[in-house]
Amino acid sequence: MLDKNKENSYFLGVDVGSVSTDIALLDYFGNLITKKYLRTKGQPVRVLQEGLSSLKKEYDEINILGVGTTGSGRNLAGVILGSDVVKNEISTHAVAASKLVSDVQTVIEIGGQDSKIIIIRDGIAVDFAMNSVCAAGTGSFLDQQASRLEIDIKDFGGYALKAESPVRIAGRCSVFAESDMIHKQQLGYDLPEIIAGLCEAMVRNYLNNVAKGKDIRTPIVFQGGVAANVGIKKAFEKELGEEVYVPEYHDVMGAIGAGLLARENILYKKNKTKFKGFDITDIDFKTKSFECDACPNKCEVVNIYQDGQLIARWGFKCTKWEAV
Amino acid sequence: MKKITFPHMGYMNVPVKTFFESLGYEVLIPPKISRKTLDLGVKYGPEFACLPLKINLGNFIEAMEEGADVLIMGGGCGPCRFGYYAEVQQEILKDLGYEFEIFVIEPGILKNFNKIKNIFGNIPYSKIIPSAKLAWKKALVMDDIYKMVLENRAKEKETDIIDQIYNDFLEEIDNLMTIDAIEEINSKYSNKINQSIGEYKQGIEIRVGLVGEIYLVLEPYVNLDIEKKLGQLGVSVEKNLYITSWLKHFLHLSKEQEVIEKKAEKYLKNFVGGHGIDSIGNTVRYAEKGFDGVVQLAPFTCMPEIISESILPSVSKEENIPILSLFFDEHSGDAGLQTRLEAFVDLIVRRKQNKEGILYA
Ligand code: SF4
């Protein structure tokens, strides 16, 4: 039945993170057709609706066979879209990397707020780690430093490549790195040397904290927003002594993975999609949170309303708010 | 009359309360650990102390606010900071202006009989023995029922039904004061749990062993209810650390520790404090028993567990078992933990499917 419609049949993958909301449209065979990379700006629902409606405009005949969501806002997006698969971002990144580079063994992923490493053997994830407390070495840290140095983040990596001998910057954590960088600036080092030094410090930090103890083997895929930064890529290659591969769609790999998992769910497990349709762009969704003061835990309870009706709720530690 | 209190650690409060109450003392259980307990501990505890110290401190403050004046705390020796918690806490609480007596349970305690007498008065052995037996029986039955909870959440018929049964059980056992009554509810609740078991949520059996630092393994508030989260993801959980097993070791009643150390030998030969060596030994045991994974839990900056964390990757490789190490402090959040657990479970499921040759994406 599905085969007749392979032509305009698609799978949708959505990655709602704190920094960006990414949408990937995959064809029947799982290939990426188009992608959107949008800023979440604290309004995931609005951004999601806008993203979908612009997708709808670009493709007038579009049949969505299945939807997958991922990222820290995966549950929210899942409720709103009527998602078939709601997956954590580690699994989706692993799936996407294996699809694009079939023999990948190591995935380095650095996004806006998170960084992680995934170890893959024979196509399946066998080990992973994620940064926990330290934000050093994530996209937002780099953004900050770029604006401190008064350069566009897009040019950041280019500067690093011009360096002849990067200065050594202490990179134990973001606070150290930042103050040491300012110090080196005051000593009169050139911008390229400093930026390259910062890239190297970030990479060392990542390898010592996030990737510590992990069995890094080639091929190595580098993905996430920061993978666009050629300075960081080069620093990884220098430190690891291996080539690091950045896929073309490195910034939306989570969304691609979510779409692939939705595809697996629909085509192989033969489930029917729960996608609510493109009409959701006209629906009025509201999230309201409040602090429950029924006990000293003071949970932040989040309510999601669709046209004034409560459709989902989370954030509580007890059973008090379980019934929707 | 003096009011005795002690910090929370899992459901330890139930048997300990039973023990003191059956001896005729008044016991004041600290309010359930909450955000407020943690906030108090973080505010008054040393910044770099580990999470258990902070929560214990919060428990003491909250209990003393309600009128407790005798504090019971564990002590210890060896290369782990736990040994001086009681001392540090005492000083902080004195500085805050509280008046109390403190009793530290540590190796060699019985040598200091005068102190016991000073605080608790003269209690004859003939009274202590039956109280201890009753408390011990409770603790054992609680462990038995809890083991069933851990194993069976993964296949409960309705969401949360096992936890509801377990909560009823906790309420009922709290007030029982005879061995027979405790026996009776043991079989009553085992039956109830058995009746609520259906299919595995993941469609396949997944067994994960928990290892790590005792407080983090036993106290759901600080480990963010990880056992329940795993259960809801369809994972049967097993652990070796219980108050009863710890006491058996402490009182030299079991040979378990020798077995653990023997298993750890290949990777770690020395005592490194806390439960560092147990984490290694038990991981090896879980691997040998064919478990699908191991999760290590510890407070951030916990020295013994940092040592085992650095050894576990080689154990994982040689024994061919996935291991997830998780360190917790007051900044740990639910969302990050959920993401890691889901990914870990996915990893295990895919690994199993791969073995059976059913892998799609
Ligand atoms: S939701 Fe439950 S646990 Fe959270 S503050 Fe309210 S009563 Fe307390």
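This write-up is about the structure you can find in this document. (Residues numbered from 1 in each chain as written. Chains lettered and ligands numbered in written order. Predicted model: local features only at pLDDT ≥ 70, side-chain atom pairs only at ≥ 80, totals over all residues. Heavy atoms only, no water.)

Concerning the overall build of chain B
- Each helix and strand counted, chain B has 15 helices and eight strands in total.
- The C-alpha radius of gyration computed for chain B amounts to 21 Å, which stays within 12% of the reference 21 Å derived for 361 residues, consistent with globular compactness.
- When the backbone C-alpha atoms are referred to their principal axes, chain B occupies close to 70 × 45 × 40 Å.
- Looking at the 361 residues of chain B, the share that counts as buried comes to 53%.
- Considering only residue pairs separated by 6 or more positions, chain B has 75% of its internal contacts joining residues 24 or more positions apart.
- With the model as given, the accessible surface of chain B reaches about 16400 Å², and the carbon-plus-sulfur share is 52%.
- Once the 42 positive and 52 negative side-chain charges of chain B are each reduced to a mean point, those two points are 4 Å apart. (Helix = DSSP H or I, 4+ residues; strand = E, 2+ residues; numbered from the N terminus. Rg over C-alpha atoms; globule rule 2.2 N^0.38 Å. Buried < 20%, exposed > 50% of the residue type's maximum accessible area, 1.4 Å probe, protein only. Contact = heavy atoms within 4.5 Å. Areas by Shrake-Rupley, 256 points an atom, 1.4 Å probe, with all protein chains shown as cover. Lys, Arg positive; Asp, Glu negative; His and termini not counted. Charge placed at Lys NZ, Arg CZ, Asp CG, Glu CD.)

Brief notes about the sheet that holds strand β12 (residues 300–306) of chain A
Residues and elements named next belong to chain A.
- A sheet is described by the order of its strands in space; here three strands give the open sequence β11-β12-β13, paired in antiparallel fashion. Every other strand in the sheet has two partners, leaving β11 (285–291) and β13 (309–314) as the edge strands with one partner each. Averaged over all neighbouring strand pairs, the angle between strand axes comes to 25 degrees, with direction disregarded.
- As defined by bridge partners, β11 adjoins β12 across seven bridges and the pair is classed as antiparallel. The residue bridging K286 from the neighbouring strand is Y305, located in β12. (Pairing = 2+ DSSP bridges. Axes fitted to C-alpha atoms, helices over the stretch in contact; angles between N-to-C directions.)

Remarks on helix α7 (residues 191–209) of chain A
- Counted at 1.5 Å a residue, the expected span for α7(A) with its 19 residues is 27 Å, and the 27 Å between its end C-alpha atoms agrees.
- Among the 19 residues that make up α7(A), 16 are buried, leaving the element largely enclosed by the rest of the structure. (Expected span 1.5 Å × (residues − 1).)

Examining the sheet that holds strand β3 (residues 32–39) of chain A
All names here are of chain A.
- Taken in spatial order, the five strands of this open sheet run β3-β2-β1-β4-β5, and their pairing is mixed. Only two strands of the sheet have a single neighbouring strand rather than two, namely β3 and β5 (85–86).
- Note: strand β2 (residues 20–27) against β3, seven bridges, orientation antiparallel. Each bridged residue has a counterpart across the sheet, and for S20 the counterpart in β3 is R39.
- Contacting β1 (9–16), β2, β3, β4 (63–70) and β5, helix α9 (residues 253–267) crosses the sheet at an angle of about 135 degrees to β1.

Focus: the packing of helix α6 (residues 125–152) of chain B against helix α11 (residues 243–250) of chain B
All names here are of chain B.
- Between α6 and α11, whose axes approach to 9 Å, the crossing angle comes to 130 degrees. With respect to α11, the axis of α6 lies oblique. For the pair α6 and α11, contact is made by W136, A139, L140 and D143 and by T244, L247 and K248, respectively.
- Class assignment for the residues of the contact of α6 with α11 results in four nonpolar, one polar and two charged. (Parallel < 35°, antiparallel > 145°, perpendicular 65-115°, else oblique. Nonpolar A, V, L, I, M, F, W, Y, C, P; charged D, E, K, R; others polar.)

Here we look at helix α8 (residues 179–195) of chain B
Residues and elements named next belong to chain B.
- The end-to-end C-alpha distance of α8 is 25 Å, a good match for the 24 Å that 17 residues give at a rise of 1.5 Å each.
- Of the positions making up α8, those classed as buried are I182, I185, N186, Y189, S190 and I193. Each buried residue of α8 lies within a common arc of 140 degrees when the element is viewed along its axis, so the set occupies one face. Away from its buried face by more than 90 degrees, α8 exposes D180, E184 and Q195.
- Contacts from the buried residues of α8 go to α6 and α7 (161–174). (Arc of directions from axis to C-beta.)

Quick notes on the environment of C318(A)
- The residue C318(A) is located in the segment after β13 in this model.
- Each C-alpha atom, one on C318(A) and one on G225(A), is 37 Å from the other, the two residues being 93 residues apart in sequence.

Focus on the packing of aromatic side chains
- Scanning the model with the defined rule gives 17 aromatic pairs over all chains in all.
- Seen from their ring centres, F275(A) and F278(A) are 5.7 Å apart, and the 85 degrees between their planes marks the pair as edge-to-face. For the pair shown, F275(A) and F278(A) are each scored as buried.
- When the centroid spacing of 5.1 Å and the interplanar angle of 85 degrees are considered together, the rings of F103(B) and F120(B) count as edge-to-face. Residue F103(B) is found in strand β4 (residues 101–105), and its partner F120(B) is found in helix α5 (residues 113–120); the two are separated by 17 residues along the sequence. (Phe/Tyr/Trp six-rings, centres within 6.5 Å; stacked < 30°, edge-to-face > 60°.)

Points about the nonpolar core
- With 83 residues, the main nonpolar core has F120(B), F169(B), I173(B), V295(B), L297(B) and L326(B) as its most contacted residues.
- With 37 residues, the next largest nonpolar core counts I169(A), M181(A), A201(A) and A235(A) among its residues. (Core = buried A, V, L, I, M, F, W, Y, C linked by side-chain atoms within 4.5 Å.)

Focus: the pairing of strand β8 (residues 124–130) of chain A
Residues and elements named next belong to chain A.
- For β8, the tally of buried residues reaches five of seven residues, placing the bulk of the element in the interior.
- Of the strand pairs in this sheet, strand β7 (residues 115–121) and β8 are connected by six bridges, and their pairing is antiparallel. Among the inter-strand pairings, R121 is bridged to a residue of β8, identified as I124.
- Linking β7 to β8, which pair antiparallel, is a turn of two residues; within it D122 sits at a positive phi near 50 degrees.

Concerning unusual backbone geometry
- Here the bond from T218(A) into P219(A) is cis, since omega is -5 degrees, no more than 30 degrees from zero.
- By the element assignment, P219(A) lies in the loop between α7 and β9 (220–223).
- The phi torsion at D160(B) lies on the positive side, around 75 degrees, for a residue other than glycine.
- Here D160(B) shows up in the loop between α6 and α7.
- The phi torsion at D225(B) lies on the positive side, around 55 degrees, for a residue other than glycine.
- Assignment of secondary structure puts D225(B) in the loop between α9 (214–218) and α10 (226–232).

The analysis is restricted to geometry; functional conclusions fall outside its scope.
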